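# Report on the structure
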Amino acid sequence: MRLPDSVNVLLLGGGGREHTFACKIAQSRRLSKLYIAPGNGGTAELGSNVDLSAANLAVLKCFIVSQHINLVVVGPEEPLVRGVVDQLRDDPDTHLVPVIGPTAKGAALEGSKDFAKAFMMRHNIPTAAYRSFTDVAQGEAFLETLAPPYVLKADGLAAGKGVSIVGTLPEAKSELAAMLGGRFGEAGSRVVIEQYLNGIECSVFVATDGANYKILPVAKDYKRAGEGDTGPNTGGMGAVSPVAFADETFMERVCTRIIKPTIEGLRSEKIDYKGFIFIGLMNVDGDPYVIEYNVRMGDPETEVVLPRVKSDVVELFEAIAYGGLDRYELEISPDTAATVVCVSEGYPGEYAKGSPVTGLADVEKSLVFHAGTTLKGGSPVTSGGRVLAVTSLDATLEGALAKCYESIGRIEYQGKTFRADIGRDLLKYNR
Ligand code: AMP
Ligand code: GLY
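This report concerns the structure included in the present document. (Residues numbered from 1 in each chain as written. Chains lettered and ligands numbered in written order. Predicted model: local features only at pLDDT ≥ 70, side-chain atom pairs only at ≥ 80, totals over all residues. Heavy atoms only, no water.)

### Focus: the overall build of the protein
Cut-off, in case you're wondering: Counting from the N terminus, the helices are DSSP H or I runs at least four residues long and the strands are E runs at least two residues long. Atoms counted for the radius of gyration: C-alpha only. Globule rule: 2.2 Å times the number of residues to the power 0.38. For every residue, the accessible area (1.4 Å probe, protein chains only) is compared with the maximum for its type, and the residue is labelled buried under 20%, exposed over 50%, or partly exposed between those bounds. Note on definitions: a residue-residue contact is assigned when non-hydrogen atoms from the two residues lie within 4.5 Å. Shrake-Rupley sampling with a 1.4 Å probe provides the accessible areas, and residues are treated as covered by the protein chains on show and by no other component. Under this rule, positive means Lys or Arg and negative means Asp or Glu; His and the chain ends count for nothing. Lys charges are placed at NZ, Arg charges at CZ, Asp charges at CG and Glu charges at CD.
On a plain count of helices and strands, the protein comes out with 12 helices and 23 strands. Since a compact globule built from 431 residues should have a radius of gyration of about 22 Å, the 21 Å found for the protein is in line with a globular shape. Principal-axis analysis of the C-alpha atoms places the extent of the protein at approximately 60 × 50 × 40 Å. When the 431 residues of the protein are sorted by exposure, 57% land in the buried category. Pairs at least 24 residues apart make up 70% of the contacts formed inside the protein by residues separated by at least 6 positions. Summed over its atoms, the accessible surface of the protein is roughly 17,700 Å², and 49% of this surface lies on carbon and sulfur atoms. Taking the 44 positively charged and 54 negatively charged side chains of the protein as two groups, their mean positions are separated by 1 Å.

### Regarding the site of ligand 2
To keep it simple, the criterion reads: Whether a residue is near a molecule or strand depends on its heavy atoms: if one lies within 4 Å, it is near. For this analysis, a polar contact is any N or O atom pair within 3.5 Å, provided that within protein one partner can donate a hydrogen and the other can accept it, and provided that sequence-adjacent residues contribute only side-chain to side-chain pairs.
Around ligand 2, the structure places Asp221, Gly235, Phe278, Arg296, Gly298, Asp299, Pro300 and Glu301. One nitrogen or oxygen atom from the side chain of Asp221 is found 2.9 Å from a nitrogen atom belonging to ligand 2. One of the side-chain nitrogen or oxygen atoms of Arg296 is found 2.9 Å away from an oxygen atom of ligand 2. Relative to its unbound accessible area of 190 Å², ligand 2 is 86% covered by the protein chains.

### Description of the site of ligand 1
The criterion, for reference: Three categories are distinguished: nonpolar for Ala, Val, Leu, Ile, Met, Phe, Trp, Tyr, Cys and Pro, charged for Asp, Glu, Lys and Arg, and polar for the others, with Gly belonging to the last.
By nearness alone, 15 residues border ligand 1, and Glu194, Gln195, Leu197, Glu201 and Glu292 come closest of all. Separating an oxygen atom of ligand 1 from a side-chain N or O atom of Glu201 is a distance of 2.4 Å. A distance of 3.1 Å separates an oxygen atom of ligand 1 from a polar atom in the side chain of Lys223. Contact with the protein chains hides 89% of the accessible area of ligand 1, taken as 480 Å² for the molecule alone. Sorting the residues of the shell around ligand 1 by element identifies β7 (150-154), β8 (163-166) and β17 (287-294) as the ones contributing at least two each. In terms of residue class, the shell around ligand 1 is built from 8 nonpolar, 1 polar and 6 charged.

### A word on a nonpolar patch on the surface
For clarity, the cut-off: In this scheme, patches are assembled from residues that exceed 30% relative accessible area and form no salt bridge. Like charges are connected within 9 Å, while nonpolar side chains (Val, Leu, Ile, Met, Phe, Trp, Tyr) are connected within 5 Å. The salt bridge definition used is simple: a Lys or Arg side-chain nitrogen within 4 Å of an Asp or Glu carboxyl oxygen.
Residues Val163, Ile165 and Tyr196 make up a contiguous nonpolar surface patch of about 260 Å² in total accessible area. Residue position: Val163 is located in strand β8. Judged by its relative accessible area of 36%, Val163 is partly exposed.

### As for the packing of aromatic side chains
Selection rule: Pairing of aromatic side chains here covers Phe, Tyr and the six-membered ring of Trp, requires ring centres within 6.5 Å, and sorts the geometry by plane angle: under 30 degrees stacked, over 60 edge-to-face, intermediate tilted.
Counted under the stated rule, the structure contains 10 aromatic pairs. The interplanar angle of 50° and the centroid separation of 5.9 Å between the aromatic rings of Phe21 and Phe276 together place this pair among those described as tilted. In this pair, Phe21 is assigned in helix α1 (residues 16-26) and Phe276 in strand β16 (residues 275-284), connecting sequence segments 255 residues apart. Taking 5.4 Å as the distance between ring centres and 35° as the angle between the ring planes, the aromatic pair formed by Phe133 and Phe142 counts as tilted.

### A closer look at helix α6 (residues 113-122)
Residues of α6 that are buried include every one of Lys113, Asp114, Ala116, Lys117, Phe119 and Met120, and no others. Immediately beyond the C-terminal end of α6, within one or two residues, lies Asn124, with a positive phi of roughly 55°.

### Examining the sheet that holds β8
For the record, the criterion: A pair of strands counts as paired when DSSP detects no fewer than two bridges linking them. Axis geometry follows a simple rule: fit a line to the C-alpha atoms, using only the stretch in contact for helices, then measure angles between N-to-C directions, giving values from 0 to 180 degrees.
The sheet built from 4 strands is open, its strands ordered β6-β9-β7-β8 with antiparallel pairing. Where the open sheet ends on each side, the last strands, each with one partner, are β6 (130-133) and β8. Averaged over all neighbouring strand pairs, the angle between strand axes comes to 20°, with direction disregarded. Bridge count for β6 against strand β9 (residues 191-194) is 4 bridges, and the pairing is antiparallel. Paired with Phe133 across the two strands is Val191, which belongs to β9. Packed onto the sheet, α6 meets β6, β7, β8 and β9 and runs at close to 145° relative to β6. In this fold helix α7 (residues 136-143) packs onto β6, β7 and β9, with an angle of close to 160° to the strand it touches most, β6.

So this is what it looks like as structure tokens:
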């Protein structure tokens, strides 16, 4: 099976990741029409934004049929965890339309930390030792056997806020009680407590057709709001790719110890997985351990990974959907990509919306991906905490970063805030 020569694509999502996907899809020689639901101020220039929620299944199905959609690409995790792939596959009206993303069973790798940990145990995949609890007293008793720092994770999806790392036993106990007591609702009704891993993190992205896989460029993201990795966790303040410490020896270990057993494990458990696996890794003295699985591409990592992919992304989707990914030629640019996320002042807390974004036409050396903008009278205004991801490519990391910051200097909106130290920790590896 193949996609038709000319493909109508529906992309679900509306952040920087989706704008980046939309750019790559728009460059494909196989594209006919691109729809983005809901999209943002940036995607509107590349296709048609449609006001449609993946949660409204009846409307989604109706749109797929009426607009002759040939391919659905799911950006965020939520619809996947809720089972949108299964729902479209099980409906006679949409079952022939391939969807990029795993079924609900596969998406549980992100939707349930407990499931992910048990999966790793079953397949001997290196990860922090753990136990999971639904009972406060039992959890407390376990915490008492551990040394600090303590790592506690709400089992379910908690919008990136479900992980707590604390330095003392009383704090750990109070976090445990708060999580089990409903701070994250149902997502925290089970809590995973795990061993703290000391190392440096990176993100590995794998595309799979369920049997074969391709490794996309490795990236490192910057999650904390403040410079020097301080302050609260965010969706991501920047990213770079490649990551110098993820060298050949390390990646060989990632491949044999993690990627292969993950794909083989999914197969042996008959989990239908056609999409992306994002493996959050800790490099502990050269040995990789899985921190988490995500069942989609990362944001803002996509903003540095995809600009380095030179091959046709619709053809990549075709190989993911119909098999034969082993025959797909993934072409990667040797350049370094860096992205710096411009956020609204106050993010990840309260922030203002509706400020006009100006200067975008003056940006010459970077790609500007919209993350939280919407069009007002045809011009972009801020609509989210993460507003723009400014990506640059260069032969060196220094060069890419310099271009990002120069471009950011040309862009204005009220409350423009960004980290000036993205990638700085990696410069020492690049000399
Ligand atoms: P997650 O939401 O699972 O990505 O976790 C958020 C962050 O917490 C990760 O990016 C790591 O920086 C940190 N983290 C999670 N698990 C551990 C662990 N076992 N040891 C050390 N740091 C961790
Ligand atoms: N940048 C982390 C994520 O997408 O979850």
